Amino acid sequence: MKVTGSEALMLALKNEGVKTIFGYPGGSIMPVYDALYDYTRGKKKVFDHILVRHEQGATHAAEGFARVSGKVGVALVTSGPGATNTLTGVADAMLDSTPIVVIAGQVPITALGSDAFQEVDLVGLAQPISKWSYQIRKAEDIAWAVSRAFYIARSGRPGPVVLDFPKNAQTEMVDFLPCFVDFVRSYVAYPKLDDGMVRQAAELINNAKKPLALVGQGVELGHAQEELRLFLEKADIPAGRTMLGLSALPSNHPLNVGMLGMHGNYAPNLKEQECDVLIAIGMRFSDRVTGNVKTFARQAKIIHLDIDASEIDKNIKTDVAVIADCKASLPAITALLKPASHKEWRNSFLPLAEKERVKVIEPAIHPKKGPLLMGEVVNVVAEATKGEAVLVTDVGQNQLFATRYFHYHQKRSICTSGGLGTMGYGMPAAIGATFGAKDRTVVCFMGDGGFQMCIEELGTIMEQQAPVKMILLNNNYLGNVRQWQDMFWKRRKSFTKMMNPCYELIAQGYHIPYEGVTDRERLKEAVRKMLDTEGPYILECAILEDDDVLPMTPPGMNVDDMMLEI
């Protein structure tokens, strides 16, 4: 079937099962958008195209879509600034192992290297921050390149792929033949499970007196939530979860002992320094989890389950490395485990958890007086949504309070920027999440700083009537930086105070329902009204300006130096 390169792209995307595209048109991608016209309307309709208001928003929306759906997110943009605007999202997806494919227009190959209008070396820029970046120079390569891009993006440890699409390849005629790539030489997506390592891991766990599991997002990416549950329950292993792995195990599971990391829960962080066997599952030993690597879990035998061999011994030296998809490694180890009971060990977490509850949690979620606190707002929303909603956050204190106090009863229930920490991520990611999980409530917590970084995406929400429930936690500060300035920089608040606009008028301009809350007597009713309102909603909450996130392990300190108070 002879078609233009642009229509070949449409057919190739259709073959990959793509239904939703987040994009923004421009000169060098115009032939593709012309082909897209027929594929988004009428009897020939295949795709929903979501017109974002900024190309960074397209990539974050694709990320949000991918995170909640388990499918590959797609962003379509033009060359030059359109392409460079996506790079923050590409880097974000790379660090958080999120499968997206970014397709960017490019000047014709005859103009490459001439500093043509809106020409930029996208492949060179994207290579260090993507799994694969490639320039499609001929129309005959489109089917192969697209299929390869999707295979690389979603297989193994997922990640972003960037396709640079010169205009000549978009307009050339080609005999389209579908292509299916499931093998790339030198790329081992799914390492073969080493039975010897499985046996060593099982032996260590069977002999452990104080085992502790650290559960990361790899469990979600590997669709291994049930395998994780069976593993933990058979060996009676308490489990802490990384921020991105929070919904891999339900919040109310008896073996869940809380969140790991700098602002995680007190008990699992301290118990990392006491366990005798530590099992890391699909996590990368981020510095925000380990604190000082020289003192992290020095007493423990370390078992690391990961699909990516490059993560082994990168930050923490392991004793047993099981390199495989956790969908395969977890049941293989579980089969060799002896049923165990570690009641005394599990009970030792309780006094620490109670200490945190009294000193930190209760004052944060049930304050008696004073201005609203972030923790209490999150708690009211969490209770109202009964652990069934998708949580999306921006970055900063809003993220740390939200992830700590939200409830997770379903898998794939959290979208947040972990590795890159991208302010402005929240709003567009939440848009993507509403398309990736159309049957679920999507709530998005943002601070006043992050809200303004991608505020233009309110236009996308308005046009699509994307049902994002936006909770703006407004403390008139860049709160996380302000907290660090107070704690480590002698309270010298250098450019963290924010002069904010009238968000009510902004909401009116975008025709989005809005309510502002300043006192806790109105909070529950306001949250209920937000959740009962169809479509998008902005709930602005006036927050105590110097509300601090606790507990906290100071940067570079040992995890057992975690502070419950300042």
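Up top you'll find the structure we're talking about.
Values in this document were obtained by computation on a predicted structure and should not be read as measured data.

*Asks:* Can you lay out the packing of helix α17 (residues 374-385) against helix α18 (residues 397-405) for me, pointing to particular residues and giving the numbers?
*Replies:* Packing of α17 against α18 brings their axes to within 9 Å, and their N-to-C directions diverge by 45°. By the angle between their axes, α17 is oblique relative to α18. Considering the relative orientation of α17 and α18, their crossing is right-handed. Facing Met 374, Gly 375, Val 378 and Ala 382 of α17, the residues of α18 in contact are Gln 397, Asn 398, Phe 401, Ala 402 and Tyr 405. In the contact of α17 with α18, the residues fall into 6 nonpolar, 3 polar and no charged.

*Asks:* Lay out helix α7 (residues 142-154) in plain terms, naming residues and giving numbers.
*Replies:* End to end, α7 covers 18 Å across 13 residues, agreeing with the expected 18 Å (1.5 Å per residue, within 8%). Burial runs high along α7: 11 of the 13 residues are buried. Taken together, the buried positions of α7 are Ile 142, Ala 143, Ala 145, Val 146, Ser 147, Arg 148, Ala 149, Phe 150, Tyr 151, Ile 152 and Ala 153. Where the residues of α7 are buried, they touch α1 (5-15), β4 (73-77), β5 (100-106), β6 (132-135), β7 (160-166) and α8 (167-171). At the C-terminal side of α7, Gly 156 shows a positive phi close to 55°.

*Asks:* Residue-level account of the sheet that holds strand β9 (residues 211-215), with values.
*Replies:* If you walk across this open sheet you meet the 6 strands as β11-β10-β9-β12-β13-β14, and the pairing is parallel. For this open sheet the edge positions go to β11 (256-259) and β14 (320-323), each flanked by a neighbour on one side alone. Each neighbouring strand pair of the sheet contributes to a mean axis angle of 15°, computed without reference to strand direction. Pairing between strand β10 (residues 239-241) and β11: 3 bridges, direction parallel. Residue pairing in the sheet places Ala 239 in a bridge with Asn 256 of β11. Docked against the sheet, helix α9 (residues 195-206) engages β12 (277-281), β13 (301-306) and β14, running at close to 130° with respect to β14.

*Asks:* Hey, could you go over unusual backbone geometry for me, with residue numbers and the actual values?
*Replies:* Following Leu 550, the chain continues to Pro 551 via a peptide bond in cis, the omega torsion being -5°. As for its placement among the helices and strands, Pro 551 is situated in the segment after β20 (537-542). In this structure, Ser 186 takes a positive phi of about 75° despite not being glycine. With respect to the secondary-structure elements, Ser 186 resides in the loop between β8 (173-175) and α9. Overall, Ser 186 belongs to the exposed group, its relative accessible area being 77%. For His 223, which is not glycine, the phi torsion reads 55° and is therefore positive.

Definitions and limits used
- Residues numbered from 1 in each chain as written.
- Predicted model: local features only at pLDDT ≥ 70, side-chain atom pairs only at ≥ 80, totals over all residues.
- Heavy atoms only, no water.
- Axes fitted to C-alpha atoms, helices over the stretch in contact; angles between N-to-C directions.
- Helix = DSSP H or I, 4+ residues; strand = E, 2+ residues; numbered from the N terminus.
- Parallel < 35°, antiparallel > 145°, perpendicular 65-115°, else oblique.
- Left-handed = near helix turned anticlockwise from the far one by under 90°.
- Contact = heavy atoms within 4.5 Å.
- Nonpolar A, V, L, I, M, F, W, Y, C, P; charged D, E, K, R; others polar.
- Expected span 1.5 Å × (residues − 1).
- Buried < 20%, exposed > 50% of the residue type's maximum accessible area, 1.4 Å probe, protein only.
- Pairing = 2+ DSSP bridges.

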